[in-house]
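Listed below are the residues making up each chain.
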Amino acid sequence: MSPFPTWLLVAAALIVLVLAVIAGYYLCKLHLAQKVQAHQLAELERAAQDQRQRVNDSIQILARTLLDDGVGLTEASIRIRVLLDALQVGQSVRDEFVAFYTVADKTSHIPILQEWKTLPRKKQFQFEQEMARVEGEYRDFALDAARRILGREF
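Everything in this summary refers to the structure shown in the same document. Throughout, a residue's number is its position along its own chain's written sequence, starting from 1. Only residues with pLDDT of at least 70 get local features here, since the model is predicted, and only at 80 or more are side-chain atom pairs given and counted; chain-wide, interface and lining totals rely on the full set of residues. Each side-chain value is derived from all of the structure's non-hydrogen atoms; neither hydrogens nor water enter the calculation.

1. Topic: unusual backbone geometry
Positive phi values are uncommon outside glycine, yet Asp69 reaches one of about 60°. With respect to the helices and strands, Asp69 occurs in the loop between α1 (6-67) and α2 (73-86). Under the DSSP-based scheme used, a helix requires at least four consecutive residues in state H or I and a strand at least two consecutive residues in state E, with every element numbered from the N terminus.

Below is the structure:
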């Protein structure tokens, strides 16, 4: 007679078989979850790239419109700065296009949109004079920056 009863070996084999099936089931589930996660990650990366492209396109449109006198320097500077910041560009890009950042910073205290509309006409005129002074001071730098930004992607 063998040292272990046969029924004990059969039971052990069944337990090992059941555990192997369970492990295979969870391995399969893990593989499917990883596939779904990889697909979702690829979708997120695609969406992020699409958004980045839209922001880059907006920067190009603003720069072109600024050069064609279709938008004011102050508005273009504020919008370009916001878009560059949304792209989380590095310090070297911010330094290269410092004209936009400077104009935007120097006019950031001026109300916009609905707040502008509620200002008395005299106050609007004062702010318009201030914007004209800032734009006059930085116009050449900003137009040069707009020319350099054309065709660039960030």
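2. A word on the pattern of salt bridges
Any carboxyl oxygen of Asp or Glu within 4 Å of a side-chain nitrogen of Lys or Arg constitutes a salt bridge here. Under the counting rule described, the total for this entry stands at 10 salt bridges. Glu137 serves as the salt-bridge partner of Arg133, at 3.6 Å between the closest nitrogen and oxygen. With Arg133 and Glu137 both in helix α6 (residues 121-149), this residue pair falls 4 residues apart, about one helical turn. Residue Arg148 is joined to Asp144 by a salt bridge in which the shortest nitrogen-to-oxygen separation is 3.0 Å. Placement of both Arg148 and Asp144 in helix α6 is noted, with a separation of 4 residues, approximately one turn of the helix. Whether a residue is buried, partly exposed or exposed follows from its accessible area with a 1.4 Å probe, protein chains only, as a fraction of its type maximum: under 20%, in between, or over 50%, in that order. Judged by its relative accessible area of 35%, Asp144 falls in the partly exposed class. Taken together, the shared-partner salt bridges connect Glu96, Asp144, Arg148 and Arg152 into one network.

3. Concerning the packing of aromatic side chains
To pair, rings of Phe, Tyr and Trp, with the six-membered ring standing in for Trp, must have centres within 6.5 Å; the planes then decide the type, stacked if under 30 degrees apart, edge-to-face if over 60, and tilted in the middle. A complete count under the given rule lists 5 aromatic pairs for this structure. Pairing Tyr25 with Tyr26 gives two aromatic rings, centres 5.2 Å apart and planes at 70°, and the pair type is edge-to-face. When the centroid spacing of 6.5 Å and the interplanar angle of 50° are considered together, the rings of Tyr138 and Phe141 count as tilted. Pair noted here: Tyr138 and Phe141 are both in helix α6, with a separation of 3 residues, about one helical turn. Overall, the relative accessible area of 15% leaves Tyr138 in the buried class. Taken together, the ring pairs connect Phe97, Phe100 and Phe154 into an aromatic cluster.

4. Here's the deal with the side chain of Thr74
With respect to the helices and strands, the residue Thr74 is situated in helix α2. Residue contacts are counted whenever heavy atoms from the two residues lie within 4.5 Å of one another. With residues near it in sequence (within four places) discarded, Thr74 still touches Val103, Thr107, Met131 and Glu135.

All we've got here are geometric facts, nothing functional implied.
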